[in-house]
Each structure stands twice: as C-alpha cells, then as structure tokens.
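Descriptive structure summary
Here's the letter readout for the chains.
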Amino acid sequence: MRFELDTIGVIHSPYQEKFGIPRQPALAPSAPVTLELLPPYNQPDCVRGLEAFSHIWLTFVFHETAARGWQPLVRPPRLGGNTKVGVFASRATHRPNALGLSLVALKGIDTTDGVTLQLAGADLLDGTPVLDIKPYIPFVEAKPEARGGFVDGPPPQLAVQWHERARADLAAWADTPPWLPALIDEVLAQDPRPAYQDDPARVYGIRLAHCDVRFSIAANVVTVLEIVTPAP
Ligand code: SAM
C-alpha cells in the first residue's frame with residue numbers, strides 16, 4: 001500500500017542546519033520552537049482541549065535528508081559511530097519513509113491569527129514539515145521500568161566555557177535573543193562532533209538563530225571562540 005500524506009504544519013526553530021541539533025528532544029530546553037499549523041488545519045477547533053496536555057507527540061518528515069534513502073544497518077553516534085545496529089533498532093534519520101517522532105513540551109497555544117503551538121526542547125530543523133500531533137498520555141506511555149538498549153540514560157555532557165571575544169560579539173549585537181546564551185551552552189554541551197572526530201585544533205561552526213557560533217573542543221571542554229552575528 002502507498003499513502004499520500006498532508007503537511008499539517010511547519011516548524012520554526014533556531015536550528016538552521018542539521019549539524020548541532022540535539023539528537024533527541026529535551027536536551028536543549030532553551031530552544032524556543034513554534035509549530036505553525038497550515039490551512040485547513042489552522043482552525044482553533046483542531047486544537048480544542050490540547051492546552052490541557054503538557055507534552056505532545058509530533059510525527060514529522062526528515063525532509064532535509066529524505067532523498068538520501070535508507071540502509072538496513074546504521075551506526076548510532078551513541079555507539080561511537082563504528083558499531084552497526086538495524087535501522088529499526090535506531091532513531092536514525094535515514095530510514096524508510098523518513099518519518100521522525102519527537103515528544104516535546106507544549107508551552108502554549110496562540111489562536112489570534114491561525115494556530116501556532118509554542119514548544120520547548122524540540123530536536124527539529126527550521127522548516128520541518130509536521131504530519132500529525134497527538135497528546136502524550138502519561139498513564140499509558142510513561143514506562144520508567146523500560147530498558148533503553150544502547151541509549152540507556154542521557155549522553156555525557158561536556159563543560160562549556162566562553163572566550164571573552166564570543167561574549168563581546170553577543171553584547172555588541174542589538175538583537176541578541178535573551179535565550180541564546182543558554183541555548184549555545186545546552187547545544188555545545190551535547191558534543192555535536194561526529195563520533196569519530198577528536199581534533200583539538202579544529203574550529204567548528206554551527207548556525208544557530210542566524211548566528212555562526214564558532215567553537216573548539218579539547219579534553220572534553222568546549223570553548224566558544226567567536227559568534228558571527230547577522231549584519232545590521
Ligand atoms: N526525536 C526524533 C526521532 O526519534 O524520530 C528525531 C531523532 S533524530 C536522531 C534527531 C536529529 O534529526 C537531529 O539531531 C537533527 O540532526 C536531525 N533532524 C532534525 N530535523 C530534521 C529534518 N527536518 N530533516 C533532516 N534531519 C533532521
């Protein structure tokens with residue numbers, strides 16, 4: 001069977017590229033993410049009662065990588081990037097149908113002009129198409145006794161330090177969003193490097209909230225070196 005699916009909404013997030021997006025939701029709670037519903041789903045009736053739920057499931061398409069197809073075996077970063085597991089034993093983006101599933105906090109619903117959901121902690125690229133929303137039902141879905149396979153527990157976090165230059169870059173930018181410093185800390189603490197890379201001399205860059213955040217990593221400490229902010 002084949003199915004045709006409709007995009008019901010689009011994600012607006014500070015993550016302008018794949019590199020650096022946390023590998024699961026909730027790891028960077030400072031990210032202000034919104035989901036704008038599209039016609040004909042942007043009627044207040046479609047979300048009536050949803051405000052009573054603190055968390056929602058989003059089914060979405062890994063639209064940026066969907067065209068690359070899938071493989072039966074994948075190498076999860078949590079296993080160091082060398083060990084292979086089956087695609088269905090992983091949350092890899094390269095999978096049949098390129099469908100993603102994220103549990104995110106629902107902070108608010110704005111129905112003044114269409115319908116926009118305010119979310120926190122999403123692991124989603126700006127522009128991600130969303131196919132469905134469902135409320136999270138704790139008594140059915142919370143399983144504290146569950147086994148987590150090779151992802152049993154949160155990933156280790158790196159310490160993050162800021163070079164004076166990076167702080168000055170943000171201070172000089174009139175439009176610095178108040179949440180941006182915390183988001184940079186949270187994102188870099190996740191160690192965005194590919195699993196096999198450990199080069200203290202290398203300067204990495206992440207596009208975050210229209211800024212270019214440059215950093216290096218040595219001895220499990222991230223140093224934020226410079227932040228190239230948008231031209232006025
Ligand atoms: N929580 C979801 C799941 O389990 O299906 C996503 C997990 S996936 C490992 C998370 C990664 O997907 C992010 O780190 C980011 O690199 C990537 N990603 C997020 N949005 C994407 C999109 N629209 N297209 C392609 N990749 C995306």
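Here goes a summary of the coordinates provided. Remember, it's a predicted structure, so these values are computed and weren't measured experimentally. Numbering of residues begins from 1 in every chain and follows the order in which that chain's sequence is written. Per-residue local features are limited, in this predicted model, to residues with pLDDT of at least 70; the limit for side-chain atom pairs, both in listing and counting, is 80 or more; totals at the level of whole chains, interfaces and linings are taken over all residues. Heavy atoms from the whole structure form the basis of all side-chain values; hydrogens and water molecules are not counted.

1. Section: the pairing of strand β6 (residues 99–110)
Note: two strands are recorded as paired if DSSP finds a minimum of 2 bridges between them. Under the scheme used here, helices are H or I runs from DSSP no shorter than 4 residues and strands are E runs no shorter than 2 residues, and both carry numbers assigned from the N terminus. With 7 bridges joining them, strand β3 (residues 55–61) and β6 adopt antiparallel strand pairing. Along β6, the bridge assignment pairs Thr-59 with Leu-101. In this structure, the hairpin formed by β6 and strand β7 (residues 116–120) is closed by a connection of 5 residues, where Gly-114 is found at a positive phi of approximately 75°.

2. Considerations on the pairing of strand β10 (residues 204–208)
With burial as the criterion, only one face of β10 is covered, namely that bearing Tyr-204, Ile-206 and Leu-208; the residues Gly-205 and Arg-207 on the opposite face remain uncovered. Relative to strand β11 (residues 211–218), β10 is paired through 5 bridges, and the arrangement is antiparallel. Bridge pairing links Tyr-204 to Phe-215 in β11. Between β10 and the antiparallel strand that follows it, β11, lie 2 residues; Ala-209 among them carries a positive phi value of about 50°. Buried means the residue's accessible area, taken with a 1.4 Å probe over protein chains only, is under 20% of the maximum for its type, while exposed means over 50%, and partly exposed covers the values in between.

3. Notes on the site of the ligand
Taken together, 21 residues lie around the ligand, and His-63, Arg-91, Leu-101, Asp-123 and Thr-128 are the ones closest in. Between the ligand and Ile-21 there is a distance of 2.9 Å, counted from an oxygen atom to a backbone nitrogen or oxygen. Any N or O atom pair separated by 3.5 Å or less is treated as a polar contact, with the protein-specific requirement of one donor-capable and one acceptor-capable atom, and with residues adjacent in sequence counted only for side-chain atom pairs. With respect to the ligand, the backbone of Leu-125 contributes an N or O atom lying 3.2 Å from a nitrogen atom. When the ligand is considered free in solution it has 600 Å² of accessible area, and contact with the protein chains removes 93% of it. When residues of the shell around the ligand are traced back to their parent elements, those giving at least two are β3 and β6. Per-element tally for the shell around the ligand: the top contributor is β6, with 3 residues. Here the term charged refers only to Asp, Glu, Lys and Arg, the term nonpolar to Ala, Val, Leu, Ile, Met, Phe, Trp, Tyr, Cys and Pro, and the term polar to all other amino acids, Gly among them. Residues of the shell around the ligand, tallied by class, amount to 9 nonpolar, 7 polar and 5 charged. Whether a residue is near a molecule or strand depends on its heavy atoms: it is near if one of them lies within 4 Å of it. Under the convention used here, a 1.4 Å probe and the Shrake-Rupley method define accessible areas, while residue burial counts only the protein chains that appear.

4. Describing helix α2 (residues 164–172)
For α2, the set of buried residues is Ala-166, Asp-169 and Leu-170. Take α2 and look down its axis: the buried residues cluster within an arc of 90°, on one side only. More than 90 degrees from the buried face of α2, the exposed residues found are Glu-164, Ala-171 and Ala-172. Between two residues, a contact is recorded if the distance between any of their heavy atoms is within 4.5 Å. On its buried side, α2 packs onto β9 (159–162), α3 (180–189) and β12 (221–228). The arc in question is formed by the directions pointing from the helix axis toward the C-beta atoms.

5. Examining the sheet that holds β7
Around the barrel, which closes on itself, the 6 strands sit in the order β1-β2-β7-β6-β3-β8 with antiparallel pairing between neighbours. With direction set aside, neighbouring strand axes in the sheet form an average angle of 45°. To obtain an axis, a line is fitted to C-alpha atoms, over the contacting stretch when the element is a helix, and the angle between two such axes runs from 0 to 180 degrees between their N-to-C directions.

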